[in-house]
Structure formats: C-alpha cells, structure tokens
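One letter stands for each residue in the lines below.
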Amino acid sequence: MHGDLMSQTRPNAKILVLPATDLLRADDTALVFALRAGDVRAPRVIWQRFAGKVHRIVRRSLGQSGDIENLVQRIFLDFFRRVSALREPRALPTFIISITHWTMCKELRRRRGRRWLGLGDSREANQRISHPDPEARQALASFYGILDKLDSKDRMVFVLRCLEGMELSEVACALDLSLASIRRRIARARARIEYQVQKDPTLVGFSVCECMELP
C-alpha cells in the first residue's frame, strides 16, 4: 500500500530533505511542502497521521463492509493526485475529510442504485456485522438500515457531526457549506433517524456509538 501511495508523488521534483524525526513531528504545512517537494517519506507520514481517522469515518459511514480497506486506499490515492489543488497547506486535515466525504457520497449513491435495481440488499451487508453481543449486533444492523434511507449528504453530515464528533465549523469547512446548511441537514437527519428508532424495538435502550466499539 505504502509503495503504491509513494508512486503518486512527483518523481522529478526537487527533494526537500528533512531528518526523519523532524518529518514525523512536522506540522501539516511542513508536511504538505515536503510532499510537494518530492520527499518520498512524506506519503508514509501522511498515511500514518490520517489513515486511522479516515478508516473510522468510512466504517462509521458504511458499517462493517468488505470494501472499507479499498475505499480508504482510494481516498488517499485521490488525495495524492489532487494535493496540488490544496491552496492552504495548513488545511490538510480538512482537505482529506472533504475527499473522504465526496468519496463516501459517491459510494453511498452507488449502493443505493444497486439496491434500487435489485442488485444489492442492505440486509445482506448488515449480516456481516460482528459483535459479541447478539442484541447489539441486531441493533447495529437496524441502525444502518435506517441510515440507508437517508440522503447521502445528510448521512455524511450526521456521521461527521454526531458519530465522529467534529465541530459544526469543521464539518461546514470540509463540505464547503454554510453553518446554516449543516444545521438543517443535521436536524433533518436526526428527525428521520429518531422517528425510525422509535418504531424499532431492537434499538430501545442501546447507544449505537457504544455498540460500534470504535476508537
């Protein structure tokens, strides 16, 4: 994986050499400059710094799915192809979240289309959910069945704000939306989720975030 990522850097760029320990401790701005300058270690450092968060967002967006690792790699490959478009290097985390968001929206629309055509069923995906507690496993399956009914953008706003715990301003910046738009989407998603939860006895008394057991 790391070799694939490194191959996306600019091979003919002038290399900016920083000591290995300094690169690991470098702030986001310095890390972006190192990447653009062709430091072959920069992709690995970026992966180590952000892969955990991206993986968590993808998993919380989809539940357990065999596609998670491929999607995470696709997000980072897209990032390395588009890093030259990052105007403010200090906005590196926001830029990565933005790419994650749009990748997940596209994937959610693809899955919804497959279900509409009868080529996929959310219940089949939910059967792959693993949890030592059978009741918690059923609760998670029911919860993701509810999320499958949401608009992809509303779903991602809900995941980033309510499951990932990002600040409203962070979500708005990453998605390039106003705070008012983010609040409307969150309110709409919560209302729809709460309505469905009240009708589902498997979700009574369960905290979905605790059931996920995600760091």
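Residues numbered from 1 in each chain as written. Predicted model: local features only at pLDDT ≥ 70, side-chain atom pairs only at ≥ 80, totals over all residues. Heavy atoms only, no water.

Turning next to the nonpolar core. The biggest cluster of nonpolar side chains holds 43 residues, and the ones touching the most others in it are I46, V58, F76, F79, L92 and I182. Looking at this core, the elements that each hand over two or more residues are α3 (28-37), α4 (42-62), α5 (68-82), α6 (92-116), α9 (152-163), α10 (168-175) and α11 (179-199). The greatest single-element share of this core, amounting to ten residues, is contributed by α4. Those residues in contact with F79 that sit more than four places away from it in its chain are L35, I46, L92, F95, I96 and I99. (Core = buried A, V, L, I, M, F, W, Y, C linked by side-chain atoms within 4.5 Å. Buried < 20%, exposed > 50% of the residue type's maximum accessible area, 1.4 Å probe, protein only. Helix = DSSP H or I, 4+ residues; strand = E, 2+ residues; numbered from the N terminus. Contact = heavy atoms within 4.5 Å.)

Let us look at the packing of aromatic side chains. With the rule as written, the count across this model stands at five aromatic pairs. On the basis of an interplanar angle of 75 degrees and a centroid distance of 5.5 Å, the ring pair of F143 and Y144 is categorised as edge-to-face. The exposure classification of F143 matches that of Y144, with both residues buried. Members of the aromatic cluster, each reached through a chain of ring pairs, are F79, F80 and F95. (Phe/Tyr/Trp six-rings, centres within 6.5 Å; stacked < 30°, edge-to-face > 60°.)

Let's shift gears to the confidence of the model for the protein. Interpretation of this model should avoid reading the predicted coordinates in detail wherever pLDDT is low. Counting all residues, the mean pLDDT for the protein is 81, and 74% of those residues have values of 70 or more. No element of the protein has a lower mean pLDDT than helix α1 (residues 2-6), which averages 48, and none a higher one than α5, which averages 95. Ignoring residues within four places in sequence, the model shows residues 5-16, a span with pLDDT below 50, making 27 contacts including any to other chains. Long-range and interchain partners of residues 210-215, a stretch whose pLDDT sits below 50, account for 16 contacts in this model, where long-range means more than four residues apart. (pLDDT = per-residue confidence, 0-100.)

So, on to the side chain of S142. Take S142: it is sitting in helix α8 (residues 134-147). S142 sits in the buried class, given a relative accessible area of 12%. Of note is the side chain of S142, whose polar atom sits 3.3 Å from the side chain of D200. With near-sequence residues (within four places) excluded, S142 lies in contact with D200, T202 and L203. (Polar contact = N/O pair within 3.5 Å; in protein donor to acceptor, adjacent residues only side chain to side chain.)

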